[in-house]
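Commentary on secondary and tertiary structure
Read off the chains here:
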Amino acid sequence: MQNKGLKKEKSRQKMLAAAGRSFRSYGYSGIGVDGLAKEAGVTSGAFYSHFGSKSAAFDTALSAGLDEVIQAVPELQSEHGANWVKSFADYYLGKQHRNDLACGCAMTTLTPEVVRAGPKVHTLFEKKMKSIADLVAQGLSGSSDDDCKARAWAMLSTLIGGLTIARAMKNVKTADEVAEAAKSAAIKAAGKTRAMG
């Protein structure tokens, strides 16, 4: 019985990972349940039995993608000390992350889909993004919590917007220019950091 439950959870995780990659690559309207199931190597029936609908799969993939950021920020802060913002910006706007749409950060790839979604998805997104901003703010040094939070939002917005624009450029040189400018602006927006952990 336990093996059956483990197998079912493993299958669900495989489908969730495939859904996350697919929604990031093709957008919500760019892929249907049959395509999501095919990406996961399962039948459409199996996909429906785990998620119930395409929209439920998107909600779950969005939540899981933002949870990855929630987990990654404290790890970056602990690993890189006071230089964590520079390390974050270097990774976020680096060529490898820019070129990997399918496995890229959910903050950038899935936000445009959230804009078109209903209130439930907006609520989920806002809750997770507030958690991310809080974690970022904890790694900043400032005159007040509000000051750190404002700088956290500015940094995140600059990284997300910069990555979106860089990815949209045809010319690699232009994309690099955008990425470098956004990286500098994000580090400046974050301001003084503090070592965590």
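Residues numbered from 1 in each chain as written. Predicted model: local features only at pLDDT ≥ 70, side-chain atom pairs only at ≥ 80, totals over all residues. Heavy atoms only, no water.

**As for the overall build of the chain**
Counting its secondary structure elements, the chain contains 11 helices and zero strands. Ordered by position from the N terminus, the helices and strands of the chain form the series α-α-α-α-α-α-α-α-α-α-α. The principal-axis extents of the C-alpha atoms in the chain amount to approximately 55 × 40 × 30 Å. A total of 197 residues make up the chain; the buried ones form 40% of that total. Long-range contacts, defined here as pairs at least 24 residues apart, represent 69% of the contacts in the chain between residues at least 6 apart. Total accessible area computed for the chain in this model is approximately 10,600 Å², and 54% of it derives from carbon and sulfur atoms. (Helix = DSSP H or I, 4+ residues; strand = E, 2+ residues; numbered from the N terminus. Buried < 20%, exposed > 50% of the residue type's maximum accessible area, 1.4 Å probe, protein only. Contact = heavy atoms within 4.5 Å. Areas by Shrake-Rupley, 256 points an atom, 1.4 Å probe, with all protein chains shown as cover.)

**Re the state of the cysteines**
Inspection of every chain in the model, using the stated rule, returns zero disulfides. You can see Cys103 has no disulfide; the closest cysteine sulfur is in Cys105, sitting 12 Å from it. In this structure Cys105 comes out as buried when scored by relative accessible area, which is 11%. (Disulfide = S-S within 2.5 Å.)

**Regarding the packing of helix α10 (residues 145-168) against helix α11 (residues 172-190)**
Two elements in contact, α10 and α11, have axes separated by 8 Å at closest approach and are oriented at 175°. Put simply, α10 runs roughly antiparallel to α11. Together, Arg151, Ala154, Met155, Thr158, Leu159, Gly162, Ile165 and Ala166 of α10 and Ala175, Val178, Ala179, Ala182, Ala185, Ala186, Ala189 and Ala190 of α11 make up the contact between the two elements. (Axes fitted to C-alpha atoms, helices over the stretch in contact; angles between N-to-C directions. Parallel < 35°, antiparallel > 145°, perpendicular 65-115°, else oblique.)

**Remarks on the packing of aromatic side chains**
As enumerated under the stated definition, the model contains six aromatic pairs in all. Centroid distance Phe23 to Phe58: 5.2 Å. Interplanar angle 85°. Geometry classified as edge-to-face. Pair noted here: Phe23 is in helix α1 (residues 2-26) and Phe58 is in helix α4 (residues 54-80), with a separation of 35 residues, a long-range link. Here the two residues Phe23 and Phe58 agree in accessibility, since each one is buried. Aromatic side chains Phe88 and Tyr92 sit 5.6 Å apart centroid to centroid with 85° between the ring planes, which places their arrangement in the edge-to-face category. Of the two residues, Phe88 and Tyr92 both sit in helix α5 (residues 84-92), four residues apart, roughly one turn of that helix. In this structure, Phe88 and Tyr92 share a single accessibility class: buried. An aromatic cluster is built from Phe23, Tyr28 and Phe58, whose rings are joined through pairwise contacts. (Phe/Tyr/Trp six-rings, centres within 6.5 Å; stacked < 30°, edge-to-face > 60°.)

**A few points about α4**
The terminal C-alpha atoms of α4 lie 38 Å apart, and with 27 residues this matches the ideal 39 Å at 1.5 Å per residue to within 8%. Directly after α4, the chain includes Gly81, whose backbone phi takes a positive value near 55°. (Expected span 1.5 Å × (residues − 1).)

**Structural notes on the pattern of salt bridges**
Pairing of side chains with opposite charge becomes possible as their charged atoms draw close. Summed over all chains, the structure comprises 13 salt bridges. Note that Asp147 is salt-bridged to Arg151, the shortest N-O span being 2.8 Å. Taken as a pair, Asp147 and Arg151 lie in helix α10 at a separation of four residues, close to a single helical turn. Note on Asp147: relative accessible area 25%, which makes it partly exposed. Arg151 gets classed as buried once you look at its relative accessible area, which sits at 14%. A cluster of three or more residues bridged by salt bridges with shared partners is formed by Lys86, Asp90, Glu180 and Lys183. (Salt bridge = Lys/Arg side-chain N within 4 Å of Asp/Glu carboxyl O.)

**Comments concerning the confidence of the model for the chain**
Put simply, the chain has an average pLDDT of 94, and 98% of its residues get 70 or more. By mean pLDDT, α1 is the weakest element of the chain at 86, and α11 is the strongest at 98. (pLDDT = per-residue confidence, 0-100.)

**Structural notes on the nonpolar core**
Judged by nonpolar contacts, the single largest core of 51 residues is most densely connected at Phe23, Phe47, Phe88, Met107, Val136 and Met155. For Met155, the residues in contact, after removing those within four places along its chain, are Trp84, Val85, Phe88, Val136, Ala186, Ala189 and Ala190. (Core = buried A, V, L, I, M, F, W, Y, C linked by side-chain atoms within 4.5 Å.)

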